[in-house]
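Understanding the architecture of this molecule
Single-letter residue listing:
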Amino acid sequence: GYGFEADSGEICINEILFNPKPEDDDYIELYNTSSRSLDLSKMKIAKLINGSAEQFYALFNTPRNILPKEILCLSKDPNKTCLSYPSNQSEQVIAYHTICTMNDDTDRIVLINRHGLRVEEIAYHENWQHPLINDVEGVALERRSSSQSGLTKDNWVSACANDGYGTPGLKN
């Protein structure tokens, strides 16, 4: 069906795995905060370096809607992600082969629509992980609130051990 183009605040990056174990891949989880079906093919993703986008990647080349309040996790290998993180919603973990590679320590990620409007922007740093976690490799960061900025440490928390350190496709 037809999906709308996202406006600022209608979609958020809800969970990220930026420092995967060697056998795993990065993943990015998206959450549609709006009451509209949004077409992800009308969006691009990029890393920001010194405030400028490094390289934009289309989220999808063909129409792919994310429904109101739906969560989708983008992974290079959904099967591997679901095996590595058993607390998942497998039908919500989907293949995305041109995901921008995230740095293992710190980065800024931006989503834009076709008109260049920044729909979402997040930052992360490895020291945002819980201080009692000795090895942060393979530990996802989960967003505390989709209505608060994704640029501040206070809005991110380490995925808990009881959930296998990541919950791709599930509500945080």
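Relevant structure appears above.
**Describing a negative patch on the surface**
On the surface, a cluster of negative charge is contributed by Glu23, Asp104, Asp105, Glu126, Asp135 and Glu137. Assignment of secondary structure puts Glu126 in the loop between β11 (118-125) and β12 (141-143).

**A few points about the sheet that holds β12**
With respect to topology, six strands assemble into an open sheet ordered β9-β8-β2-β1-β12-β13, the strand pairing being mixed. Each having just a single partner strand, β9 (93-95) and β13 (156-158) make up the two edges of the open sheet. Strand after strand, the sheet turns through a mean of 30° between neighbouring axes, direction not considered. Pairing geometry for strand β1 (residues 11-17) and strand β2 (residues 27-32), over six bridges, is antiparallel. Its bridge partner being in β2, Cys12 is matched across the sheet by Tyr31.

**Notes on the side chain of Asp26**
As for its placement among the helices and strands, Asp26 is situated in the loop between β1 and β2. Lacking a salt bridge, the buried Asp26 has Lys76 as its closest oppositely charged neighbour, with an N-O distance of 6.7 Å. Reaching out from Asp26, the side chain makes a polar contact with the backbone nitrogen of Met102 at a distance of 3.0 Å.

The rules behind these values
Residues numbered from 1 in each chain as written. Predicted model: local features only at pLDDT ≥ 70, side-chain atom pairs only at ≥ 80, totals over all residues. Heavy atoms only, no water. Patch = residues over 30% accessible without salt bridge, like charges linked within 9 Å, V, L, I, M, F, W, Y side chains within 5 Å. Areas by Shrake-Rupley, 256 points an atom, 1.4 Å probe, with all protein chains shown as cover. Salt bridge = Lys/Arg side-chain N within 4 Å of Asp/Glu carboxyl O. Lys, Arg positive; Asp, Glu negative; His and termini not counted. Charge placed at Lys NZ, Arg CZ, Asp CG, Glu CD. Helix = DSSP H or I, 4+ residues; strand = E, 2+ residues; numbered from the N terminus. Pairing = 2+ DSSP bridges. Axes fitted to C-alpha atoms, helices over the stretch in contact; angles between N-to-C directions. Buried < 20%, exposed > 50% of the residue type's maximum accessible area, 1.4 Å probe, protein only. Polar contact = N/O pair within 3.5 Å; in protein donor to acceptor, adjacent residues only side chain to side chain.

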